[in-house]
Amino acid sequence: MTLEEKLQNLPTQPGVYLHKDDAGKIIYVGKAKNLRNRVRSYFQSGRGHDRKTRELVRRIRDLEFIITDNEVEALVLESNLIKQHKPRYNVLLKDDKQFPHLKLTINEPFPRVMITRKIQRDGALYFGPFLPAALARRTIDLINRTFQLRTCDIEIDGKLPRPCLEYHIKRCLGPCVKGLCTPEEYSEAVRDVRLLLEGKNMELADQLEARMTLASEEMRYEMAAKYRDLRKTVLALAEQQKMATSPDRDVDIFGFYREGARLALQLFTMREGKVVGRREFFWEDLPEDDFDASGFLSEVLAQYYSTDYVPREIHVPVDFTDREVLEKALSERRGRRVRILDPKRGEKRDLIDLVEKNAKLAFEQRFRVLKPDMERVLEEMQEVLELPRFPAHIESFDISHISGAENVAGMVVCENGKMNRAEYRRFRIKTVEGANDTASMHEAVFRRYRRQLDESKPLPDLVMIDGGKGQLNAAAAAMRELDLEAVPMIGVVKPPRRHNEVSHLLVKGREHEPVFLDSHSPVLRLIQMIRDETHRTAVSYHRKRRELRDFTSELTAIPGVGEKRRTRLLRNFGSIQRVAQASAEELAPFVGRKTAEEIVEHFTRQRALAEGGASTENTEAVTEPVEVETRFDDPEGEAEDLQPIRSVDHKGELRKRIARRPRGERSSNPHGVKREKPGEEEPDGVHESIPLEIRDKDSN
């Protein structure tokens, strides 16, 4: 659908609009109380836009929109989309901070908790977001004081001579020193922290109470007192401390709209409580009478999540019979519980209603505007062009060449508005020399319909010629020679320097009355589609012929190989690569022993040149060494001692690159000890030299 058509069919509801450039990239995101009025205002010349807006409008080639229930929802969605796509013409916040999360590094032998603003797929657990950010700092301080997980990022091997200050002030269990803490005790503290961060406060409190009772029975009263204090802290946190997490932080929401055999399905992806994207799916051949919505959704979900990311929750408009089976399969794939819900009321149902509203709008755009009834379009074409009969069978011609070389023609067939690829034909122009499009069009049209007459095949209802008056007259002359003047024929004329558009149409017999079609006309869109397909077919065949010409000209350059021997070689070997790989014994039956050796020697030289003068193994012909000029001349071999420019230490040896910590994470090293990197040893002897990379002067 064109931009003009989208502007004409904009809804009047509130929502968000996304402007795109000719590459399909989003360049502006905006919100509107009334999408129709707001978006159209960009294209009104009398609005007095500023320079930035004028430049934006000049680059707009397409737009998308998402409707919402009110302006507030549009404001939130606009903010999320701006952060996600970072459009060029939006005002962007320069700091890219996200809300803080707590990261539990269960992928380490002795996990720790830290604050991070970037979520990565590194095997760790992330909890949050925390609003305000101070809540995350208070929570991690509570974890350090209560559960005493380590805060350093050194390698824990239990070989340090003494613990750091964190251990002495009761903020770390001290796993770095052997005997202070066993791995089992540390793992128990990690499990408690995970339960706390997952919000399972009551479950954690019950476990702490059981441990307290057991320690008391074993007369370990200090440990019992510790568990007692931990339990009080967890219960207090459950009542007062509230983490700002959204229950719908990882949800897919489905909605659909159906009429007859057609259906539009809409999917909104919500991550961390924010709508970050949507997808659309369409069907045109569903059963009209016995459509089963539950069975349809079951099949769609099973296919979609067979390859896509599985969220924590999936919201659907209707329930289906095998929901529990699908839940179990998705839970196994995700590795944790996945729920499929069909909410009847409340906020979740309101979200489904909003998705269905967008699905209905997508249905309207797809089936009522983008794909109108093709029979009606062809009837309108018959009326506009004043054709004697309904244009059910249309054939279109185009010529392609470069300065007359490899002159070819392409023909496509459109039946009842759909392209019939099985009936496409390609012609290699035989009687025309040089760049003569009119004579080439005459030959292609004449050959096509002379054969149709000879084989008693049906003739088209309309013939389209990609070209102006000259090409149309040449095609008409060919039809006149075959006594087929009654077949209607039109020429599709392009405007200067805009070959993807259509300026006007010329009808045979009424060339003095050009037909101009409205830019929004479905007839014009159909003609453009046929014209573009014809052009693609002709150009692709021309490229194939040109490649074949360049491909086989190398053979004829070999002494003793002419047109006949070239054809014989290609017919028997299939391609020039196989000829190049063949031995003299394999080539001799087709070209003789002497010519076969010439061919082998030719391709041996070509391979030697391609490999920079390297010797070729297993070849029968011995070639002279080929000198290859290089950019760098070093007869004394001094370049081996040269090093790339990098920092060196006090010994003159290269420093190793330091692996930087991901942005957003913070950690400390309270021990103040040197971290020994695995595999790092003192070099003995002379440091190995690193060859200098010789790059092209155009490379970076």
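Residues numbered from 1 in each chain as written. Predicted model: local features only at pLDDT ≥ 70, side-chain atom pairs only at ≥ 80, totals over all residues. Heavy atoms only, no water.

**Digging into the sheet that holds strand β4 (residues 101-104)**
Rules: Note: two strands are recorded as paired if DSSP finds a minimum of 2 bridges between them. Put simply, DSSP marks the helices as runs of H or I at least four residues long and the strands as runs of E at least two long, and each gets a number from the N terminus on. In this analysis, axes come from line fits to C-alpha atoms, helices being fitted only over the stretch in contact, and the angle between any two N-to-C directions falls in the range 0 to 180 degrees. Should any heavy atoms of two residues lie within 4.5 Å, those residues are counted as being in contact.
Reading across from one edge, β5-β4-β6 is the order of the three strands in this open sheet, with antiparallel pairing throughout. Where the open sheet ends on each side, the last strands, each with one partner, are β5 (113-116) and β6 (125-127). Averaged over all pairs of adjacent strands, the angle between their axes in this sheet comes to 30°, without regard to strand direction. Pairing of β4 with β6 involves three bridges; the strand directions are antiparallel. Its bridge partner being in β6, L104 is matched across the sheet by L125. Across the sheet, helix α7 (residues 183-197) touches β4, β5 and β6, and the angle it forms with β4 is around 155°.

**With respect to the nonpolar core**
What counts is decided by this rule: The definition of a nonpolar core used throughout is a set of buried Ala, Val, Leu, Ile, Met, Phe, Trp, Tyr and Cys residues joined through side-chain atoms within 4.5 Å. Burial here depends on accessible area, computed with a 1.4 Å probe over protein chains only, as a share of the maximum for the residue type. Under 20% is buried, over 50% is exposed, and the range in between is partly exposed.
Ranked by size, the top nonpolar core spans 29 residues in total, and within it V113, L149 and V193 carry the most contacts. Listing elements by their share of this core, those giving two or more residues are β4, β5, α5 (133-146), α7, α8 (201-217) and α9 (221-240). The element that contributes the greatest number of residues to this core is α7, accounting for seven residues. Dropping the residues within four chain positions of it, V113 is found in contact with L102, K103, L104, I140, I143, L149 and V193. V432, A475, A478 and L506 belong to the second-largest nonpolar core, a separate cluster that totals 25 residues.

**With respect to the environment of D437**
In this fold, D437 is placed in helix α14 (residues 437-454). Take D437: its relative accessible area is 30%, and that puts it in the partly exposed class. Taking the C-alpha atoms as reference points, D437 and N407, separated by 30 residues in sequence, lie 9.0 Å from one another. Sequence-distant contacts of D437, defined by excluding residues within four places in its chain, comprise I399, H401 and Q471.

So yeah, pure geometry; function would need other evidence.
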